[in-house]
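Residue-level structure breakdown
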Amino acid sequence: MDALLITFAIFAHSILWFMLWLVLQLRIWRAKQLTLLLVNLVFCLSWCGYLIVWQQKITQQTLSEQVTVNRELLFIEPDEYTINGDLLKFTGQRVSNKQKILGYYRIRSEQEKAALQGIQHPLTVQVAGKVGPINAPTNQNEFNFQRYMLGKNISNEIQVTQLRSAASPPKLGLLRQFLAIFHVIRKKMIDHFERMPQPLGWFIQVLLIGYQSEQFQEQMDQINRLGLLYLFTLSGMHVFYLVAMIRFLLRQVGTTKETTDLLLLGILPIYGIIGGSSLGLVRSILMTWLHLASQRFGQWHLTGIETWSLVLLMNLFYSPVAVFSLGAQLSYLLTLILILSRQKKQWLTGLQMGAFTIPLVLRQTFVWNIWTIPLSILIGPIFDWLIFPVVIVGMIFVPFQLVCNGVLKILAAFFSWSSDLPGTIIFGKPPAIFILFWLGLLLACQVKPKKLLLLSCLLLSGVCAYGWIHLPLNDEVTYFDIGQGDCSLIKTRFDRQVYLIDTGGKLSFNTEKWQVRNSRTNGETVVVNYLHSQGISRIDRLYLTHQDTDHVGNFPSISQSINVKQIIVPVGMEQLASFQRRLQLSRVKPSAVVAVTNQVHETVPSLALQILHPFERGQGKNEDSLVLLYRSGKTNFLFTGDLDRANELKVLEKYPNLRADIMKTGHHGSKTASDPKFIQQVQPKLAIISAGRNNRYGHPNEETLVTLRKYRVPFLLTARDGMIKVILSKQGPPKLTTYGQMNIY
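My aim in this report is to walk through the structure given alongside it, one point at a time.

Regarding the pairing of strand S11 (residues 498-501)
- Of the two faces of S11, the one lined by Val 498 and Leu 500 and the one lined by Tyr 499 and Ile 501 are each fully buried.
- Both strand S10 (residues 488-491) and S11 contribute to a ladder of four bridges, which runs antiparallel. Note that in S11 the partner of Lys 491 across the bridge is Val 498.
- In this structure, S11 lies alongside strand S13 (residues 541-543), joined through three bridges in parallel fashion. Bridged to Leu 500 within S13 is Leu 542.

What follows is the structure in structure tokens.
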């Protein structure tokens, strides 16, 4: 069985055994709770077998490679698609086999975009395109979008090339027609709130119907950096407010409690659909629904911890992978804390919730903000008595919208100011054993009167984990899978020196305003993410080999999250208008830019990488590329940028004894680089080719591959092998790891 599945089974088993121990500690043992816990234990015994069955089911559903489809019918609800620039992204259902699928379609005109934005009813479309598996992450610690979609029971995607309404759509069943009514209502609510004063409309979308506008992304990023994301996702608090509001309104018109409960049993599932059916919302609705149903119809009145247990079990059986998401982990864990803290003061509950979020957030985001806990204590009452009431009033009473919008603008400014305060700690990704240990200690603090020893163990283990991450014992050279571009990392033992060679970047072609997409660069999602996971908060030197966007385009966005102390460029490039524009968009001071030639070591001897090229001033073009040689022990690494063949031979003339154990081939494997004479003399033991999947340039070129084979040089390709990491130790040979064949889990 997959090691991750075994880990998950142990984790689930541990949670349920902890529940048994907790019930004993709290002295709330009753026969029905014994029955429930015995059911949990039976579940644990069957869990491993169930996971094997589930894995086989997902494997059967997931395609192994892309297949072309024509006239494929897809059913799409109006609230299950988003438009970002010229990209339509949706989740739909294949009419042929009822499987859910993720879809992408590039919109061809502004008129087509307007027509798609205006859709407010369910749609059956006929499409052509390529269906294939959702790609797994190919860089270490990259966000696992494949696992995220598996949590929604979606394992395949379709790249749509043609899209049009079906001429004769199949008739919908009665249940589908009934559910479609509420999807239509949700879509109309999304559009209505989008037209309201902002950020009021965006807050309403997030807090009441679980929809996040693209324009609200920056605000949510600030909230996330503060560690308060759990307050702004649909969860138990929102359902609590909804139930309380319905009870209050019905009580005013004389409705009995029994009738109110019956109405709530019907309203709550409807709100689950209108709220977007997020995992946290579904968990809260199910818990409330089960509690009400047991009160009205059952002799066994479920307590909070019992409903929590049952809903967790249902979630694990329906979608086992969903529990790996940060949202699910926070939702279930913090709900358990609230159940156990009902008799405690609000500030203490806020402190506990802030503390419990830290291990999970560190595991997923690698960053901790020291203001998270004090803000967790402060924001609870503010959320209860200010944010949520203001949102409700602004939604219902139009005359008060401007006032409510002004209050939320002040609040948004507070979040922006708070997120910019110093106090963000780049902790890194702790090993899973530390996360489980910390959560166990925090849970033990809930029931043990003597907490000093537990808190001491918590602090000591935190220091140990920090040292484990920040003091690596070996040098490392990493080649990122950055798409069609170049980006390499060098970090020395104990992270004494951190160098980045190029940053990658997406080539942009002539686009109109309506086509521009709001998205993060892969410099942020791949490079910064990996650096943070390794506990790295600064780059000592950033080497930009030449001016091409696929080598330097991500430099401004990376510098927003990572402190870049110095930039090394080939002489002449520092004066280019394109480079100056990027420099202005970055957080790097112009004085930190150093323009160099191969003579730089005579004036800057502290540079760890030997600069072999350029020999003279240029304009930052391919032929002016930096050529860098890095030595770690007995292993030499050569980086050649996009240097052309003619200048490769000039480098050989200048350095006739040049050798390299591992060489990154020039110009992404293009035939304009990697001259046979150059390869023959350098004698690399391994070549690294950085190129994007299905790139329009045909990289790597077959002529380059023939040259490598001729001189018996094995090669790795980022498009096929993903991130390539070389760990160097003084005792043994370099250890090479690739990340291109990551498991779907």
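Regarding helix H9 (residues 257-274)
- Under the 1.5 Å per step criterion, the end-to-end length of H9 is 25 Å for 18 residues, consistent within 8% with the ideal 26 Å.
- Bending of H9 peaks at approximately 25° at the position of Leu 265, with proline Pro 269 no more than four residues after it.
- For H9, the full list of buried residues reads Thr 260, Asp 261, Leu 264, Leu 265, Leu 268, Tyr 271, Gly 272, Ile 273 and Ile 274.
- Immediately beyond the C-terminal end of H9, within one or two residues, lies Gly 276, with a positive phi of roughly 95°.

Looking at the packing of helix H10 (residues 279-297) against helix H12 (residues 326-340)
- Packing of H10 against H12 brings their axes to within 9 Å, and their N-to-C directions diverge by 35°. With respect to the hand of their crossing, H10 and H12 are arranged in right-handed fashion. Within the contact between the two elements, H10 uses Leu 279, Gly 280, Arg 283 and Met 287 and H12 uses Ala 328, Ser 331, Tyr 332, Thr 335 and Ile 339.
- When grouped by side-chain class, the residues that make up the contact of H10 with H12 number five nonpolar, three polar and one charged.

Looking at the sheet that holds strand S15 (residues 567-570)
- Read across the sheet, eight strands follow the order S16-S15-S13-S11-S10-S9-S23-S24 without closing on themselves; strand pairing throughout is mixed. Each end of this open sheet is capped by a strand with a single partner; those strands are strand S16 (593-596) and strand S24 (735-738). If you compare each strand with its neighbour and ignore which way they point, the axes differ by 20° on average.
- Bridge count for strand S23 (residues 724-728) against S24 is four bridges, and the pairing is antiparallel.

The rules behind each value
Sequence order as written defines the numbering, with residues in each chain counted from 1. A pLDDT threshold of at least 70 governs which residues receive local features in this predicted model, and a stricter bar of 80 or more applies before side-chain atom pairs are shown or counted, although totals over entire chains, interfaces and linings include all residues. Water and hydrogen atoms were dropped before computing side-chain values, which therefore reflect all heavy atoms in the structure. Relative accessibility decides the category of a residue: with a 1.4 Å probe and only protein chains considered, values under 20% of the type maximum give buried, values over 50% give exposed, and everything between is partly exposed. Each helix is a run of DSSP H or I of at least 4 residues and each strand a run of E of at least 2, with the numbering of both proceeding from the N terminus. If DSSP finds at least two bridges between two strands, the strands pair. Expected span of a helix: the number of residues minus one, times 1.5 Å. At every residue, the bend is computed as the angle between two fitted axes, covering the seven residues ending there and the seven beginning there respectively. Here an axis means a line fitted to C-alpha atoms, over the contact stretch when the element is a helix, while the angle between two N-to-C directions is reported on a 0 to 180 degree scale. It is the rotation of the near helix from the far one that decides the hand of a crossing: anticlockwise by less than a right angle makes it left-handed, clockwise makes it right-handed. In this description, contact between two residues means that some pair of their heavy atoms is separated by no more than 4.5 Å. When residues are grouped by polarity, Ala, Val, Leu, Ile, Met, Phe, Trp, Tyr, Cys and Pro land in nonpolar, Asp, Glu, Lys and Arg in charged, and all others, Gly among them, in polar.

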